[in-house]
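Coordinate inspection notes
Listed below are the residues making up each chain.
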Amino acid sequence: MEDGRIGKVVIVGGGTAGWMAAAVLARLMGAPAGERRLDICLVESEQIGTVGVGEATIPQIRLFNRTLGLDENAFVHRTRGTFKLGIEFDGWLRPGHRYMHAFGAVGGRDLGAVPFHHYWLRERLTGRAPALDEYVFNAVAAWRNRFLRGSELKDSPLSNVAYAFHFDASLYARYLREYAEARGVRRIEGKVADVRLRGDDGFIESVALEDGQVVGGELFLDCSGFRGLLIEQTLRAGYEDWSHWLPCDRALAVPCAPVEPLTPYTRSTARAAGWQWRIPLQHRTGNGMVYSSAHVSDDEAAATLLANLDGEALDDPRPLRFTTGMRRRFWHRNCVAVGLASGFMEPLESTSIHFIQQSLSKLVSFFPDRGFDAVDIAEYNRQVQFEYVRARDFLILHYLANERPEPFWQACRTMPVPDTLADRIALFRSHGRVHREHEELFTEASWVQVLVGQGVLPRSYHPMVDLLDDAECAAMLAGVHKVLHSCAEAMPDHAAFIARYCASA
Ligand code: FAD
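Basis of the calculations
Residues numbered from 1 in each chain as written. Predicted model: local features only at pLDDT ≥ 70, side-chain atom pairs only at ≥ 80, totals over all residues. Pairing = 2+ DSSP bridges. Helix = DSSP H or I, 4+ residues; strand = E, 2+ residues; numbered from the N terminus. Axes fitted to C-alpha atoms, helices over the stretch in contact; angles between N-to-C directions. Left-handed = near helix turned anticlockwise from the far one by under 90°. Contact = placed C-beta atoms within 7 Å. pLDDT = per-residue confidence, 0-100. Near = placed C-beta within 6 Å. Nonpolar A, V, L, I, M, F, W, Y, C, P; charged D, E, K, R; others polar. Domains from an automatic or database assignment. Expected span 1.5 Å × (residues − 1). Buried ≥ 20, exposed ≤ 12 C-beta atoms within 10 Å, placed from the backbone. Arc of directions from axis to C-beta.

1. Thoughts on the sheet that holds strand β18 (residues 325–327)
Neighbouring strands of a sheet are bound in pairs by backbone hydrogen bonds; such pairs are parallel or else antiparallel. Taken in spatial order, the 3 strands line up as β12-β18-β21 in an open sheet, and their pairing is antiparallel. Only two strands of the sheet have a single partner each, and these edge strands are β12 (239–241) and β21 (343–344). Examined bridge by bridge, β18 and β21 share 2 bridges and lie antiparallel to one another. The residue bridging M326 from the neighbouring strand is G343, located in β21.

The following block contains the structure:
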């Protein structure tokens, strides 16, 4: 813009990241038409296509959808989606063992100063307590295939059910594209062949397409996927490789026919050199294998995946390669990397789409006015990096604490880990305490479920628990157990809920 204001944003890439960016910027800054309105255009290449996976989310996605003003039932209908209460981890500690990392609280009610799991730890030390999942409302409901969005019942676990979605990634991108185009986003079909920089400061001036079109702008969002066309191939922002902590480097994805019951959770099953995902949608089940190519061949991984589908395969497995890590600078000069262009962590905790959302939310917070301020850019980069690093530690925990016999898992068990994670595990082992900073994505309940699920158990618990005598503590736990189980029992069947509320747009 002539007054120096950022007036034109160019988004390169039309996968989940590109269309999420286009939709939210159009919603918040693109309309209504007026002289300060942001001009947004998106360039994508059908010939290159999208990564096309990314179907499990975490509850924060609801905030994104609310920001757009999407009707949730219509959204589930359009994306052939299902509801998600958590992730089941099968065989991650050892073959035959399973636990749930469910959304929401552990224990289901506020006990004041001491989190619920300390009471459970005391009972466990006496050998009387059932598994922790028995006291996690979402886990209890998920394993019964129940779902309810929430009710008006005060003080009931049903009043605030934490949930997310599984959805068809290509249908979601299409949905958002319609949304964004209806709000003025211009889509340009074509392949970027050249990125042109300004001579004086090295900022991006324009992208040139194979057909000769030149698309200029003031701010560029790199949503071009793993290749990082602008942020890396052009601006060389750098990449921090984390594969020494998270050694899986390949994936195979294959859909299969849906089977009953329609489970309201993602399943992650440990395999000899990686793990397999299962994501139930209305019209198909998404499956995939994430594995370490140093420990298993592509053919063996594909054979294991295909042998463990619960419906008929609908396609051949599609191979994907990746290097786990993050961009050293997410925002560099006038380019912000969003989505796979900004970094990648395997979908073990369904974090990638959330990171897209976070990048966009922070971009809106730090949106440049006239020109680019180095202080704002540095703070943006610090905040995004913080989230990546903490989520990375959470993923490493799943691999580190295991009792599996295979060489891959033995290697994971003995690898050196980041100090931030080692400190957290030591703190928990002592008295079951979890330290987290307020910006962190994963809650205390998440850490507790995965620590306990992976067999990391504290030596003791918070001393205030001993203010109750044995009988009082046992009665309190039994009461919580009873309430959670009877509330879960009162919920409708997941498939019936979808049929009732999400049958039309
Ligand atoms: P892409 O989908 O790759 O899109 C890139 C876009 O850039 C495309 O439109 C392409 O055409 C365009 N493009 C590239 N080069 C050019 C060019 N030269 N000219 C013009 N256009 C170009 N995330 C989750 O949250 N949950 C999950 O369950 C999950 N599972 C995953 C499983 C696997 C195996 C993988 C690899 C990822 C998974 N993810 C998951 C991550 C998720 O898929 C991505 O975060 C999401 O799809 C966003 O991708 P993207 O838009 O950044 O990139």
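2. Thoughts on the packing of helix α1 (residues 16–30) against helix α8 (residues 352–365)
At a minimum axis separation of 10 Å, α1 and α8 run at an interaxial angle of 35°. The crossing of α1 and α8 is right-handed. Across from T16, A17, M20, A21, V24 and L28 in α1, the residues of α8 making contact are I353, I356, Q357, L360 and V364.

3. Focus on the confidence of the model for the protein
In the predicted model, the protein carries a mean pLDDT of 94, and 97% of its residues have values of at least 70. Reported confidence for the predicted complex is 0.99 by ipTM and 0.96 by pTM.

4. Focus: the site of the ligand
As a structural note, the neighbourhood of the ligand is formed by 40 residues, with G13, G15, G54, G225 and G339 the closest of them. Elements that contribute at least two residues to the shell around the ligand include exactly α1, β2 (39–44), β13 (250–256) and α8. By residue class, the composition of the shell around the ligand is 20 nonpolar, 16 polar and 4 charged. Split by domain, the residues of the shell around the ligand number at least three in each of domain 1 (8–55 + 168–241 + 325–372) and domain 3 (250–321).

5. Some thoughts on the sheet that holds strand β9 (residues 204–209)
Taken together, 3 strands build an open sheet; the order of strands is β8-β9-β10 and the sheet is antiparallel. Because the sheet does not close on itself, it has two edges, and the strands there are β8 (192–197) and β10 (214–216). Ignoring which end each strand starts from, the neighbouring axes of this sheet average 20° apart. The pairing of β9 with β10 spans 3 bridges and is classified as antiparallel. The residue of β10 that forms the bridge with V207 is V215.

6. Points about helix α13 (residues 470–490)
With 21 residues, α13 extends 31 Å from end C-alpha to end C-alpha; this agrees with the ideal 30 Å at 1.5 Å per step. Within α13 the residues assigned to the buried category are C473, L477, V480, L484, C487 and A488. Buried positions in α13, seen along its axis, are confined to an arc of 105° and lie on one side of it. Seen from the buried face of α13, the exposed residues on the opposite side, beyond 90 degrees, are A471, E472, A475, A478, G479, K482, S486 and E489.

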